[in-house]
Amino acid sequence: MKLFVSEGNPHCLKVLAALEISGVKCDVQHSNHEEKVVPFLSRPTLPVLHLPSGQFLFSPNAICQYLFEVSGKQTSKQSHQWLEWEATELQPALMHALHLVAVQGKTDSAKALEAPLSFLEQNLSKKTTAFLTAETAEVADIVLWAALYPAFLENGLKIGELKSTRSWFEGVGVLPACKASAQSVFKGKGLEALKGYLQKQPAPHGPQAQHKDSHIGSSGSPAESEDSDRVMTQEEIEAAAQIWNQKIDCQSRPERKHPILPEKGKRNVLITSALPYVNNVPHLGNIIGCVLSADVFARYGRQRGWNLLYICGTDEYGTATENKAREEGLTPQQICDKYHAIHTSIYKWFQIDFDFFGRTTTQRQTEIAQDIFWRLNERGFLQEDTVEQLRCESCERFLADRFVEGVCPFCQYPEARGDQCDKCGRLINAVELKEPQCKVCKQTPVIRCSKHLFLDLPKLEGSLEQWLERSFSTGDWTTNARNITRSWLRDGLKPRCITRDLQWGTPVPHPDFAGKVFYVWFDAPIGYLSITANYTDQWEKWWKNPQEVELYNFMAKDNVPFHSVVFPCSLLGAQDNYTLVNSLVATEYLNYEDTKFSKSRGVGVFGDMAKDTGIPSDVWRFYLLYLRPEGQDAAFSWADMALKNNSELLNNLGNFINRAGMFVSKFFEGVVPQVTLQEEDKRLLAQVGWELKQYIQLLDKVRIRDALKCILNISRHGNQYIQVNEPWKKIKGGDTDRQRAGTVTAVSVNMAVLLSAMLEPYMPTVSETIRAQLQAPPATSHVMLQGEGNFVCSLPAGHRIGTVSPLFQKLEAEQIESLKKRFGGQQSQTINQNNAAPKPSAPSAAVVPEAPVKADLELAKQLAAAVAEQGDKVRALKAQKAEKAVIGEEVAKLLELKKQLALAEGKNPEPSPQKGKKK
């Protein structure tokens with residue numbers, strides 16, 4: 001890894017300080033401002049981090065964040081927001097101010113910084129920690145300190161007192177890493193050191209009025225904002241115009257022919273999404289975490305011309321299936337058949353484009369799993385041991401881990417499973433649980449002994465670490481996947497049981513273990529192999545070909561250790577040249593409104609319900625991908641879904657595409673007019689081309705949510721372009737005006753074709769509809785996404801379009817409110833089964849117990865946390881000066897929670913003063 005920096009470049013101060021604090025080993029090379037380090041950028045850019053994989057990072061903030069995360073320091077939500085604010089609001093104003101004072105010699109440059117510095121001062125004056133977001137310096141502290149360093153120099157900008165800001169700034173500045181980095185970049189020359197660098201940069205735009213919209217989020221950090229426009233160089237503008245005029249064949253589109261097999265000389269990509277458990281109907285969180293995210297990447301890869309295979313299927317063995325069969329009066333196989341069909345139907349409606357969707361209850365699964373087992377056994381990677389297990393005498397069987405619940409022995413969480421605690425993430429042996437319960441009959445199980453086989457993970461640990469080091473350095477593992485894997489290794493691997501005393505599963509072939517089956521987390525990942533084997537007899541060309549195949553795994557974070565440690569150890573131990581994962585892509589959790597999805601309580605939208613809402617599947621896809629939980633947990637919200645549909649889809653994206661097509665139909669009789677490019681048009685082409693390149697770079701790195709923003713940015717540019725040029729007025733003018741109207745219309749309708757290409761992975765039906773309405777050539781989406789991206793004129797003058805109609809419909813408030821109630825289940829009730837506020841007509845005595853109330857300590861603990869969380873929410877709303885009605889509603893919820901807490905603690909709650917106001 002090599003870091004390229006230059007003297008006098010203020011951005012290099014950030015990365016050098018971050019490098020020093022993170023302790024990451026990295027070569028530092030000092031370059032001059034004009035040295036071109038990144039080969040595909042049109043102009044020199046520093047700093048640059050050249051990764052071992054050959055990739056380049058050239059955003060200073062991204063480099064800082066990468067260095068912190070590589071060293072094991074995760075970036076908090078608040079830090080993310082501060083980094084966004086620094087890049088979009090502080091940095092443009094700061095560079096403008098520095099250019100004025102250092103290059104132009106003006107003395108009143110500090111005015112440009114008044115708004116962002118005032119905002120920073122307000123936030124710092126309220127903080128309760130030593131640094132921005134914590135008691136120790138995080139990446140946001142380093143980035144903001146380094147950004148402001150030139151302004152706070154003695155000969156810097158005259159920026160006023162700013163007591164809180166200066167105090168924080170000095171606290172960061174005394175860190176040895178910051179002192180050393182400042183000396184390295186500025187050499188004690190003050191602002192004079194920046195002059196050479198700033199003179200070689202394009203003159204920055206003055207700060208816009210965007211600062212007035214800055215507001216504090218619930219965390220007390222700047223809220224997310226849109227990226228500011230990038231200043232295009234003349235070289236970029238001319239290059240974009242040349243690409244626009246290129247003649248490229250857009251008619252022939254590559255066809256998918258099955259079976260898809262690896263080909264020499266091509267990029268062969270194998271994609272899997274975590275196998276959904278067969279007897280659970282997937283909810284929105286399951287869908288975005290696995291199959292939908294993988295589908296976007298697979299569709300994108302096909303557009304890019306990769307030789308790609310996307311497989312998935314239902315995981316069908318285990319006790320859960322046996323129990324479900326017993327509940328419904330069916331055999332396990334019948335249950336699997338029934339729910340496999342349900343899964344297939346759901347994914348079809350969501351337009352998940354698998355190459356093959358299989359299942360694990362097949363002969364191929366038995367053959368491959370048993371082969372891997374024997375290979376592990378022959379090579380000494382299995383060991384026998386007698387283990388204590390929980391057996392339910394009432395149900396007359398040993399209990400699988402998922403059918404035991406109890407108190408976590410580590411964090412005391414009361415609903416820990418028999419294999420893992422969802423709260424602290426620690427692995428648990430079921431017998432370690434305190435107060436265990438059988439989830440089926442609620443009886444207390446007893447401990448019994450049974451002989452089992454274990455995978456000797458400690459013996460494989462060395463091979464695993466060597467492979468992980470290579471995979472981490474060359475692949476695109478998400479930060480959470482890296483951190484979870486490292487935590488397992490840091491704690492030291494232990495032998496892992498691979499057999500269970502069950503009936504419904506892949507049989508263990510060893511005669512000493514007859515009657516046992518393989519444990520699901522040994523058996524289930526082998527399903528990827530067996531499903532591929534059911535797709536093609538030549539499955540080994542994918543799964544025993546690590547030299548020519550790139551493997552991407554998609555999943556939620558709770559599945560990471562089994563895919564990054566347990567399953568790879570099984571394949572490494574088998575010593576049969578298996579393809580191991582190159583990039584493990586894991587999401588955080590998606591919650592529903594303010595709670596968890598629950599099928600039994602009717603809380604949340606599940607896959608089989610989404611199509612009954614009347615909202616098209618493309619809109620569901622868009623919203624789930626827009627809030628994809630990449631860096632932290634996210635929450636589905638009906639109100640937010642309506643907002644994003646009505647603002648981003650209807651008013652932004654749909655509005656632009658519809659207007660572009662309607663102008664062609666109305667003003668030019670359905671025929672694309674001639675184009676005479678002016679400087680403004682070329683600048684737009686360059687801006688759109690830059691967004692396209694960003695989109696490709698982001699999706700290449702599986703940054704699915706961020707890439708979607710590039711699409712919306714392009715349509716935003718398009719709407720502004722139309723608004724400024726007013727073709728509906730110019731079409732009524734003279735020849736020059738009419739020609740201008742034609743150019744704006746033709747450029748806009750070609751932008752619509754590009755948007756259809758970029759939308760294809762996200763909203764396939766909308767993408768196809770746009771192309772059909774515009775009669776676009778079939779291969780446009782393939783051509784435009786080749787290389788670094790090609791925004792070409794795919795609809796030349798004379799091209800006739802089809803009938804144009806609106807792409808999206810407004811989601812009305814009444815419709816959303818109805819859906820919210822429909823899928824709210826019992827979440828509006830109290831945690832103690834009466835969550836709703838009492839009706840106004842109910843007498844106050846109805847909520848005051850007449851007899852002493854028995855305390856429920858566990859419930860009290862949960863309610864105390866809920867009270868604290870709701871209190872934070874109320875305080876945040878007050879800080880944001882939200883509407884009184886909104887605050888009042890949340891205060892009412894808080895008071896009701898406090899009342900419930902008093903009941904749970906065995907106290908008589910005081911009557912709520914706002915009780916009569918509740919609805």
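Rules and cut-offs
- Every residue gets a number counted from 1 within its own chain, in the order that chain's sequence is written.
- Given that this is a predicted model, residues contribute local features only at a pLDDT of at least 70 and side-chain atom pairs are listed and counted only at 80 or more, while totals for whole chains, interfaces and linings are drawn from all residues.
- The basis for every side-chain value is the complete set of non-hydrogen atoms in the structure, without hydrogens or water.
- The numbering of helices and of strands both runs from the N terminus, where a helix is a DSSP run of H or I of at least 4 residues and a strand a run of E of at least 2.
- Accessibility here uses a 1.4 Å probe with only protein chains present; expressed as a share of the type maximum, an area under 20% marks a residue as buried, one over 50% as exposed, and anything in between as partly exposed.
- It only takes one pair of heavy atoms within 4.5 Å for two residues to be counted as in contact.
- Areas reported as accessible are Shrake-Rupley estimates using a 1.4 Å probe. Residue values count occlusion only from the protein chains shown.
- Take a side-chain nitrogen of Lys or Arg and a carboxyl oxygen of Asp or Glu: if they are within 4 Å of each other, that pair is a salt bridge.
- Axis definition: a line fitted to C-alpha atoms, limited for helices to the stretch in contact. Angles are taken between N-to-C directions and run from 0 to 180 degrees.
- Angles below 35 degrees are treated as roughly parallel, those above 145 as roughly antiparallel, those between 65 and 115 as roughly perpendicular, and all remaining angles as oblique.
- When the near helix sits turned anticlockwise from the far one by under a right angle, the crossing is termed left-handed; a clockwise turn instead gives a right-handed crossing.
- Nonpolar residues are Ala, Val, Leu, Ile, Met, Phe, Trp, Tyr, Cys and Pro. Charged residues are Asp, Glu, Lys and Arg, and all others, Gly as well, are polar.
- Here the term cavity refers to a set of points on a 1 Å grid, laid over the protein atoms alone, in which a 1.4 Å probe fits but cannot get out; the term pocket refers to an open set having protein on both sides within 12 Å along at least five of seven lines, with lining residues being those that place an atom within 4 Å of a point.
- Grid points are joined across faces, edges and corners, and a volume is the space filled by probe spheres set on the points.
- In this scheme, strands are said to pair when DSSP sees at least two bridges between them.
- The handedness of a crossover follows from its direction of travel: if, with the strands pointing away from the viewer, the path from the first strand over the helix to the second runs clockwise, the crossover is right-handed.
- Any two rings among Phe, Tyr and Trp, with Trp reduced to its six-membered ring, count as a pair given centres within 6.5 Å; such a pair is stacked if its planes are under 30 degrees apart, edge-to-face if over 60, and tilted if neither.
- For a helix, the expected span equals 1.5 Å multiplied by the residue count minus one.

Chemist: Could you give me a rundown of the overall build of the chain, with the residues and numbers involved?
Modeler: Secondary structure assignment for the chain yields 31 helices and 20 strands. Residues counted as buried form 55% of the 919 residues belonging to the chain. Summarising the internal contacts of the chain: among those between residues at least 6 apart in sequence, 77% fall at separations of at least 24. Just so you have it, the chain exposes about 39,900 Å², and 48% of that area is on carbon and sulfur atoms.

Chemist: Requested: an account of the pattern of salt bridges, with residues and values cited.
Modeler: Within the structure shown, the criterion is met by 39 salt bridges. When the shortest N-O distance is used, the salt bridge between K266 and E263 registers 3.5 Å. For K266, a relative accessible area of 46% corresponds to the partly exposed category. Of the charged contacts in the structure, one is a salt bridge between K544 and E540, with a shortest N-O distance of 3.2 Å. Its relative accessible area of 19% is what places K544 among the buried residues. One network of salt bridges, in which partners are shared, links R256, R302, D353 and D355.

Chemist: Any chance you could break down the packing of helix α22 (residues 638–667) against helix α24 (residues 704–725) for me, citing the residues and the numbers?
Modeler: Where α22 contacts α24, the two axes come as close as 9 Å, and the packing angle between them is 50°. The pairing of α22 with α24 is recorded here as oblique in orientation. Along this stretch, α22 crosses α24, giving a crossing that reads as left-handed. Residues E648, N651, N652, L653, N655, F656, R659 and F663 of α22 lie in contact with α24, whose contacting residues are I711, L712, S715, R716, G718, N719, I722 and Q723. Here the residues of the contact of α22 with α24 are counted per class, giving six nonpolar, seven polar and three charged.

Chemist: So, empty space enclosed by the protein: which residues are in play, and what are the values?
Modeler: A complete count under the given rule lists two cavities of 30 Å³ or more for this structure. Approximately 40 Å³ is the volume found for the largest cavity. What lines the largest cavity is W543, L551, N553, H563, F567, P568, L571, T579, L580 and V581. Those elements giving two or more residues to the lining of the largest cavity turn out to be β17 (549–556) and α19 (560–574). In terms of residues, the lining of the largest cavity owes the most to one element, α19, which gives four residues. When its residues are assigned to classes, the lining of the largest cavity shows seven nonpolar, three polar and no charged. When its volume is computed, the second largest cavity comes out at roughly 40 Å³. Taken together, P10, H11, K14, Q91, L94, M95, L98, A146, A147 and P150 make up the lining of the second largest cavity.

Chemist: Before we move on, can you summarise the pairing of strand β1 (residues 2–5) with the specific residues and values?
Modeler: Sheet topology note: the β1/strand β3 (residues 48–50) ladder contains three bridges and is antiparallel. Considered in β3, the bridge of K2 is made with H50. Here β1 pairs with strand β2 (residues 27–30) via four bridges, running parallel. Looking at β2, one finds that F4 is bridged to Q29. For the crossover from β1 across helix α1 (residues 10–22) to β2, the handedness is right-handed.

Chemist: Account for the packing of aromatic side chains, with residues named and values stated.
Modeler: Evaluated as defined, the whole model comprises 40 aromatic pairs. Look at W620 and W638: their rings are 5.7 Å apart centre to centre, the planes differ by 75°, and that puts the pair in the edge-to-face class. Of this pair, W620 sits in helix α21 (residues 617–626) while W638 is found in helix α22, placing the two residues 18 residues apart along the sequence. A relative accessible area of 0% means that W620 is categorised as buried. Its relative accessible area of 0% is what places W638 among the buried residues. By the ring-pair criterion, three or more aromatic residues cluster together here, those being Y592, F597, F606, W620, Y623, F636, W638 and F823.

Chemist: Would you mind going over the sheet that holds strand β12 (residues 434–438) in detail, with residue names and values included?
Modeler: Whether parallel or antiparallel, the strands of a sheet pair through hydrogen bonds between backbone atoms. Read across the sheet, three strands follow the order β11-β10-β12 without closing on themselves; strand pairing throughout is antiparallel. Looking at strand neighbours, the two that pair on one side only are β11 (416–417) and β12, the edges of this open sheet.

Chemist: Describe in detail the layout of surface pockets, supporting the description with residues and values.
Modeler: As a volume, the second largest pocket reaches approximately 560 Å³. Taken together, 21 residues line the second largest pocket, and the ones lying closest to its centre are P254, E255, R256, R302 and W306. Here the lining of the second largest pocket gets three residues from one element, more than from any other, and that element is helix α10 (residues 284–303). Counted by class, the lining of the second largest pocket contains six nonpolar, four polar and 11 charged residues.

Chemist: Residues and numbers for helix α13 (residues 363–378), please.
Modeler: For α13, with 16 residues, the first-to-last C-alpha span of 23 Å sits near the 22 Å given by 1.5 Å per residue. Buried within α13 are the following residues: Q365, T366, I368, A369, Q370, I372, F373, R375 and L376. Where α13 is buried, its residues touch β8 (382–392), β13 (446–455), β16 (517–518), α16 (520–523), α17 (526–535) and α19. Just past α13, the residue G380 takes up positive phi, approximately 75°.

Chemist: Explain the sheet that holds strand β18 (residues 583–587) residue by residue, including any values.
Modeler: In space, the five strands of this open sheet follow the order β7-β6-β5-β17-β18, with parallel pairing throughout. Single-partner strands in this sheet number two, and they are β7 (356–359) and β18. For this sheet, the mean angle separating the axes of adjacent strands, direction not counted, is 20°. For strand β6 (residues 307–314) and β7, the ladder comprises four bridges, and the chain directions are parallel. Its bridge partner lying in β7, I311 is registered against F356. Sheet contacts for α17: β5 (268–273), β6 and β7; angle to β6, the most-contacted strand, approximately 110°.

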